[in-house]
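For reference, the chains in residue letters:
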Amino acid sequence: SRRWCRWRSRRWCRWRCRRGRGWWSRQRRVTLHSADPLQVISEQSPPSPLGRLCSAPAEVFAREIWARKPWLSRAEDLPGSVTDVFSLQAADELLSQRGLRTPFIRLAKDGRVLPGSRFTGSGGAGASIADQVQDDAVMRLFADGATVVLQALHRTWPAVGELAAGLSEDLGHAVQVNAYITPPQSQGFAAHYDTHDVFVLQIAGRKRWRIHEPVFTDPLPENPWESVAEQVRARADEVPVLDATFEPGDCLYLPRGFIHSAQALGGTSLHLTFGVHSAIERDIVKAVMKRLESSGWRAPLPASWNPGSPEGHAQIQQVVDELREALTHVDVQALANSLHDQRDTLQRPEPIAPLAHATLAANLTPADRLRLRHHVNPRTQEQPDKSITLVAAGQRLHVDARQLDALERMLSGEEFAVEDLPLPNDEALDLARRLLLAGIVTA
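Definitions and limits used
- Position labels on residues start from 1 in each chain and follow its written sequence.
- The predicted nature of this model means local features are confined to residues of pLDDT at least 70 and side-chain atom pairs, given and counted, to a pLDDT of 80 or more, with totals for whole chains, interfaces and linings taken over all residues.
- Think of the side-chain values as coming from all heavy atoms in the structure, minus any hydrogens and water.
- Numbering of helices and strands runs from the N terminus; a helix is a DSSP stretch of H or I covering at least four residues, while a strand is a stretch of E covering at least two.
- Burial classes: relative accessible area under 20% of the type maximum marks a residue as buried, over 50% as exposed, and values in between as partly exposed (1.4 Å probe, protein chains only).
- Any two residues having at least one pair of non-hydrogen atoms within 4.5 Å are treated as being in contact.
- In this description, accessible areas are obtained by the Shrake-Rupley approach with a 1.4 Å probe, and a residue is regarded as covered only by the protein chains that are shown.
- Two strands pair under a simple rule: DSSP has to find at least two bridges between them.
- Here, axes are lines fitted to C-alpha atoms. For helices the fit covers the stretch in contact, and angles between N-to-C directions go from 0 to 180 degrees.
- A clockwise turn of the near helix away from the far one marks a right-handed crossing, whereas an anticlockwise turn of less than a right angle marks a left-handed crossing.
- Values of pLDDT, which run from 0 to 100, indicate the predictor's confidence residue by residue.
- These descriptions rest on fixed angle ranges, namely under 35 degrees for roughly parallel, over 145 for roughly antiparallel, 65 to 115 for roughly perpendicular, and the rest for oblique.
- Residue classes follow a fixed rule: Ala, Val, Leu, Ile, Met, Phe, Trp, Tyr, Cys and Pro count as nonpolar, while Asp, Glu, Lys and Arg count as charged, and any other residue, Gly among them, counts as polar.
- Among the buried residues, those of types Ala, Val, Leu, Ile, Met, Phe, Trp, Tyr and Cys that are joined through side-chain atoms within 4.5 Å form a nonpolar core.
- Paired rings are identified among Phe, Tyr and Trp, the last through its six-membered ring, by centres lying within 6.5 Å, and are further divided according to the angle between planes into stacked (under 30 degrees), edge-to-face (over 60) and tilted (the rest).
- Helix span, expected: 1.5 Å multiplied by one less than the number of residues in the helix.
- What goes into a patch is any residue over 30% in relative accessible area without a salt bridge, connected to like charges within 9 Å or, for nonpolar side chains (Val, Leu, Ile, Met, Phe, Trp, Tyr), within 5 Å.
- When a carboxyl oxygen of Asp or Glu is within 4 Å of a side-chain nitrogen of Lys or Arg, the pair counts as a salt bridge.

Participant: Which residues make up the overall build of the protein chain, and what are the values?
Facilitator: A tally of helices and strands in the protein chain yields twelve helices and 19 strands. Within the span of the protein chain, comprising 443 residues, buried residues form 45% of the whole. Taking the contacts inside the protein chain whose residues are at least 6 apart along the sequence as the reference set, 77% of them involve residues at least 24 apart. Put simply, the protein chain shows about 22,200 Å² of open surface, and 52% of that area lies on carbon and sulfur atoms.

Put into structure tokens, the structure is as follows:
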């Protein structure tokens with residue numbers, strides 16, 4: 001697989017690293033490809049989540065494609081079908097039986113988002129909720145040409161959530177998923193660009209996509225396409241860099257800023273959009289400034305403050321000099337830990353059954369078998385007293401130095417029996433119970 005694990009800072013510190021991570025150059029090159037002849041699919045291990053959605057090898061994607069250019073992967077060039085993660089039948093189940101509420105759903109027609117009041121209403125007796133989805137209203141609007149958008153699908157459909165979490169680990173950036181269900185010959189949204197990268201996976205039906213070059217390079221959420229709507233419309237009238245019909249299993253990677261529009265052909269179309277919310281260099285700058293601001297520069301500037309005067313210029317220079325000096329003392333490791341914690345809050349780990357896990361923790365026995373919970377990304381920090389702080393799933397647990405061998409076994413990713421941990425039974429049970437209740441290991 002395109003991942004590897006290692007222990008750093010002595011044998012106890014395991015974390016997961018992924019190939020292809022890093023800060024890559026932002027130079028754009030609009031060159032479109034289908035399958036790369038250099039692709040190699042491992043027969044010894046299943047493909048990574050990125051490998052399921054992109055025909056280019058991970059190293060090629062990281063070096064030549066990421067944030068630079070669109071990349072179309074046809075179904076026949078991918079290692080097996082990925083369309084089984086969702087379906088039109090699954091969408092019907094969500095719309096009719098799961099009690100969805102806004103904003104988990106929205107509808108759009110002719111480039112306009114429809115008001116929620118047109119397809120939501122009371123939850124009925126005993127449910128004081130006024131915005132639950134009304135399946136019959138959705139049916140009528142869909143039959144009239146409206147596109148159904150299931151938002152944050154990674155939170156409501158487990159198979160999609162698992163793929164999104166794995167893709168997030170592969171890329172090192174947070175991932176969310178929307179589903180777009182478009183009736184025949186309809187277009188839900190006008191030509192526009194997104195402020196995040198996307199993987200567009202066609203699940204059912206056929207859809208014609210037109211891709212145009214950006215009018216705004218590397219847009220951020222504060223740079224929505226509506227702010228340059230005229231330029232977007234003009235660019236969308238030009239010859240597209242890609243005009244292709246997507247079949248089930250086809251997947252397109254599209255960097256933020258590229259203008260796109262799509263129209264369903266023939267029958268109902270369903271595609272998933274994996275939105276990649278990339279961390280950017282500015283996030284590091286903000287984190288540095290937040291740390292610096294918390295420790296100084298609170299004194300008021302003098303009365304009659306005039307930044308244009310010689311005195312004002314000198315005061316500005318003094319602060320800049322102090323800031324430059326402070327930057328030389330920034331604790332990079334502490335900053336990295338802070339950014340790591342922040343990133344972990346953006347991606348949900350593997351779901352667990354809270355009632356069953358609480359019961360298991362209360363009745364844990366030496367024979368019980370556990371494993372590391374998927375996508376918790378555990379890491380450890382050594383304390384001055386040589387003890388360990390385990391950070392995972394939003395929790396921080398203190399672990400005694402003599403429990404390091406047991407901790408290594410528990411975080412290895414392989415299933416283990418509590419009685420096999422290199423600790424006395426009562427101590428092994430206590431440690432396993434703590435990690436269970438912290439949501440770090442599961443059954």
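Participant: How would you summarise the sheet that holds strand 17 (residues 395-399) if you had to cite specific residues and measurements?
Facilitator: Taken together, the three strands give an open sheet; going across it, the order is 15-16-17, and neighbouring strands pair in antiparallel fashion. What marks the edges here is a single partner per strand, and that holds for strand 15 (379-382) and strand 17. Each adjacent strand pair in this sheet contributes to an overall mean axis angle of 25°, direction not counted. Examined bridge by bridge, strand 15 and strand 16 (residues 388-392) share four bridges and lie antiparallel to one another. Residue Gln381 lies in a different strand from strand 16, and its bridge partner there is Thr389. Along the sheet, helix 9 (residues 332-344) contacts strand 15, strand 16 and strand 17; its crossing angle with strand 15, the most-contacted strand, is approximately 150°.

Participant: How would you explain unusual backbone geometry if you had to name every residue and give the values?
Facilitator: Pro103 follows Thr102 through a cis peptide bond whose omega is 10°. Its location among the elements puts Pro103 in the loop between helix 3 (88-97) and strand 4 (105-109). Of note in this structure, Ser304 is not a glycine but carries a positive phi near 60°.

Participant: Tell me about the packing of helix 7 (residues 281-293) against helix 9, and please be specific about residues and values.
Facilitator: Interaxial distance between helix 7 and helix 9 falls to 11 Å at its minimum, and their mutual angle equals 115°. For the pair helix 7 and helix 9, the crossing hand works out as right-handed. Residues Asp283, Ile284, Ala287, Val288 and Arg291 of helix 7 form the contact with helix 9, whose participating residues are Ala334, Leu335, Ser338 and Leu339.

Participant: How would you explain the confidence of the model for the protein chain if you had to name every residue and give the values?
Facilitator: In the predicted model, the protein chain carries a mean pLDDT of 87, and the fraction of residues at 70 or more is 90%. Across the protein chain, the secondary-structure element scoring lowest on mean pLDDT is strand 2 (residues 13-18), at 35, and the one scoring highest is strand 12 (residues 251-254), at 98. The low-confidence segment residues 1-44 (pLDDT under 50) makes 115 contacts with residues lying over four places distant or belonging to another chain.

Participant: An account of the packing of helix 7 against helix 8 (residues 310-327) is requested, with residue identities and associated values reported.
Facilitator: Orientation of helix 7 relative to helix 8, taken along the N-to-C sense of each, is 110°, at an axis distance of 11 Å. Looking at the two axes, helix 7 sits roughly perpendicular to helix 8. Note on element contacts: helix 8 touches helix 7 through Leu323, Ala326 and Leu327, opposite Val288, Met289 and Leu292. Per-class residue counts for the contact of helix 7 with helix 8 are six nonpolar, no polar and no charged.

Participant: Could you give an account of the nonpolar core, with specific residues and numbers?
Facilitator: One finds Phe86, Leu150, Leu153, Phe199 and Leu272 to be the most contacted residues of the largest nonpolar core, which totals 52 residues. Discounting chain neighbours no more than four positions away, the residues touching Phe86 are Ala91, Leu94, Leu150, Leu153, Trp157, Val160, Ala179, Ile203, Leu270 and Leu272. Counting 29 residues, the second largest nonpolar core, distinct from the first, contains Val399, Leu431, Leu435 and Val441.

Participant: Lay out the packing of aromatic side chains in plain terms, naming residues and giving numbers.
Facilitator: Following the criterion strictly, the structure yields seven aromatic pairs and no others. The interplanar angle of 45° and the centroid separation of 5.1 Å between the aromatic rings of Phe199 and Tyr253 together place this pair among those described as tilted. Note that Phe199 is positioned in strand 10 (residues 197-212) and Tyr253 in strand 12, a separation of 54 residues in sequence. Assessed through its relative accessible area of 0%, Phe199 is described here as buried. The exposure class of Tyr253 is buried, given its relative accessible area of 1%. Cluster of aromatic residues (ring-pair linked, three or more members): Phe61, Trp66, Phe199 and Tyr253.

Participant: How would you explain helix 5 (residues 158-171) if you had to name every residue and give the values?
Facilitator: The terminal C-alpha atoms of helix 5, which comprises 14 residues, lie 20 Å apart, in line with the 20 Å expected from a rise of 1.5 Å per residue. Within helix 5, eleven of the 14 residues are buried, which leaves the element mostly enclosed by the surrounding structure. Taken residue by residue, helix 5 has Val160, Gly161, Leu163, Ala164, Ala165, Gly166, Leu167, Ser168, Glu169, Asp170 and Leu171 as its buried positions. A positive backbone phi angle near 80° is found at Gly172, which sits one or two residues after helix 5.

Participant: So what about the side chain of Asn337? Which residues, and what values?
Facilitator: Examined against the element boundaries, Asn337 turns out to sit in helix 9. Exposure remark for Asn337: the relative accessible area of 18% places this residue in the buried category.

Participant: Account for a nonpolar patch on the surface, naming residues and giving values.
Facilitator: Nonpolar side chains collect at one region of the surface, where Leu301, Trp305, Ile316 and Val320 lie side by side and expose about 330 Å² of accessible area between them. Locating Leu301 in the fold gives a position in the loop between helix 7 and helix 8. Of the residues examined, Leu301 reaches a relative accessible area of 47% and is grouped as partly exposed.

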